[in-house]
Amino acid sequence: MIRKPYKDITLSRLGLGNMRYILSDPDNGNSPIDRPKAHAVIDSAYTNGINYFDTAYVYNAGDSERCLGEAMTKYPRDSFYIADKFNLHANPDYEAVFEEQLKRLQTDRIDFYLLHCIMDGNADDYLNSGCIEYFLKQKELGRISYLGFSSHAGPDTLRRFASYRDWDFAQIQLNYFDWYFNTAKEEYEILTERNIPVMVMEPVRGGRLSGLSPEAEAILKEAHPDWSISSWAMRFVKSLPNTQVILSGMNTLEQMNDNLNTFRDDSVLSDADQAVLKKAAETFRASIVVPCTACRYCTEGCPMQINIPEFLKIYNAWKTSGDRPRKETIQAVASEGTPDMCIQCGACAGVCPQSIAIPDLMKELGDAVN
């Protein structure tokens, strides 16, 4: 396992995210984590050189912290680092939360502590809550080693939050898809300009980049037949100089072994590899994203008054993220009709400049929600 210096310590380039463990009852989202399976993954991570373990107060309603704490009691405390997070909107009592986290983790300190999930709508809540000052006090007392934050905010909010103080580190969603087609590159540059080391979450976009379209996968396999599809995503973020730890929510030993193989040395993507990956990403995106330009020609003759462009945005978000749309998301759109009301008349498709098969997509979206 390769490591990289961080201040006065060294951290494994690959970190274990503790959010996606198999549950004791997979059909019951509220059931406890399957301890034997989870501990087998944690033990494999530790024995193979991973020394950074990431969890959060809200993961599995606290069971993630408990599971990790139980697993790590067998190892010397100075041989690994725990990252944990405070979520203001889950419980605003930051003093009580911090004490509870120490108990769950069975430790007297948290090495990397984060303000959890900074977003455009809650950044000021964190800044004005008093929690930052409290956690800085805990840092002075040695109960927190390094203080940072995780962000899902847009670039403007991230820029403002990152400039608030001298943060020890920050965690952002960073992967090649969001680099090419979203704001990940700008977010990375905002942190890098401020000399804030980047901890990476979602390097394979919640698993979405582990299985691409057949055409996109063929491009990658032709270049490197021995690389897994997931490893391309890992190699991409590993190649960025300011990335420190790259988190992966591995819940099987097969995933663990694949990642360990990727992080066995410091090799990075060559310029040729970067070009291949971008071509594959563009091919994949073209296969999942509908090229709607929101010209609205389709809406003028729709007998059901469906706001088609807005629903196609939801469709694209679904196909890009892999997260099935929710009924509340559909209902929140300003529209008289909804996708499930489409009568398949084809009036929309007949006037679409992009030749989009709109009735088929409305049916697919309607079926996905209902």
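Residues numbered from 1 in each chain as written. Predicted model: local features only at pLDDT ≥ 70, side-chain atom pairs only at ≥ 80, totals over all residues. Heavy atoms only, no water.

## Concerning the sheet that holds strand β9 (residues 198-201)
Test applied: Criterion used throughout: strands pair if DSSP finds at least two bridges between them. Helical segments are the DSSP runs of H or I of at least four residues, strand segments are the runs of E of at least two, and each set is numbered from the N terminus. Angles run from 0 to 180 degrees between N-to-C directions of axes, and those axes are lines fitted to C-alpha atoms, restricted for helices to the stretch in contact. Any pair of residues with heavy atoms lying within 4.5 Å of one another is described as a contacting pair.
Here we have eight strands rolled up into a closed barrel, ordered β3-β4-β5-β6-β7-β8-β9-β10, and parallel in their pairing. Geometrically, the sheet is characterised by an average inter-axis angle of 30 degrees between neighbouring strands, direction not taken into account. Contacts between helix α3 (residues 94-105) and the sheet are confined to β5 (81-86), β6 (110-118) and β7 (144-151), with β6 contributing the most and set at about 130 degrees to the helix.

## Quick look at helix α1 (residues 35-47)
Using the following cut-off: In this scheme, a helix's expected span is set at 1.5 Å multiplied by one less than its residue total. With a 1.4 Å probe rolled over the protein chains alone, any residue whose accessible area is under 20% of its type maximum counts as buried; one over 50% counts as exposed, and the rest are partly exposed. In protein, a polar contact means a hydrogen-donor-capable atom and an acceptor-capable atom, both N or O and within 3.5 Å, with residues adjacent in sequence counting only if both atoms are side-chain atoms; elsewhere, any N or O pair within 3.5 Å suffices.
Here α1 contains 13 residues, and its C-alpha end-to-end distance of 18 Å stays within 8% of the 18 Å for a straight helix at 1.5 Å per residue. Every buried residue of α1 is accounted for by Ala-38, His-39, Val-41, Ile-42, Ser-44, Ala-45 and Tyr-46. Turning to α1, the residues buried within the fold contact β3 (14-17), β4 (52-54), α2 (63-72) and α11 (253-262). The N-capping residue of α1, defined by a side-chain oxygen 3.3 Å from the backbone nitrogen of Lys-37, is Asp-34. Of the residues flanking the end of α1, it is Gly-49, one or two places downstream, whose phi is positive at about 100 degrees.

## So, the packing of α2 against α3
Keep this limit in mind: Between 65 and 115 degrees an angle is taken as roughly perpendicular, under 35 as roughly parallel, over 145 as roughly antiparallel, and anywhere else as oblique. Lys, Arg, Asp and Glu make up the charged group, whereas Ala, Val, Leu, Ile, Met, Phe, Trp, Tyr, Cys and Pro make up the nonpolar group; the residues left over, Gly among them, are polar.
In contact at an axis separation of 7 Å, α2 and α3 are set at 45 degrees when each is read in the N-to-C sense. By the angle between their axes, α2 is oblique relative to α3. Taking contact as the criterion, the partners of Glu-65, Arg-66, Leu-68 and Gly-69 in α2 are, on α3, Gln-101, Arg-104 and Leu-105. Here the contact of α2 with α3 is built from residues that sort into two nonpolar, two polar and three charged.

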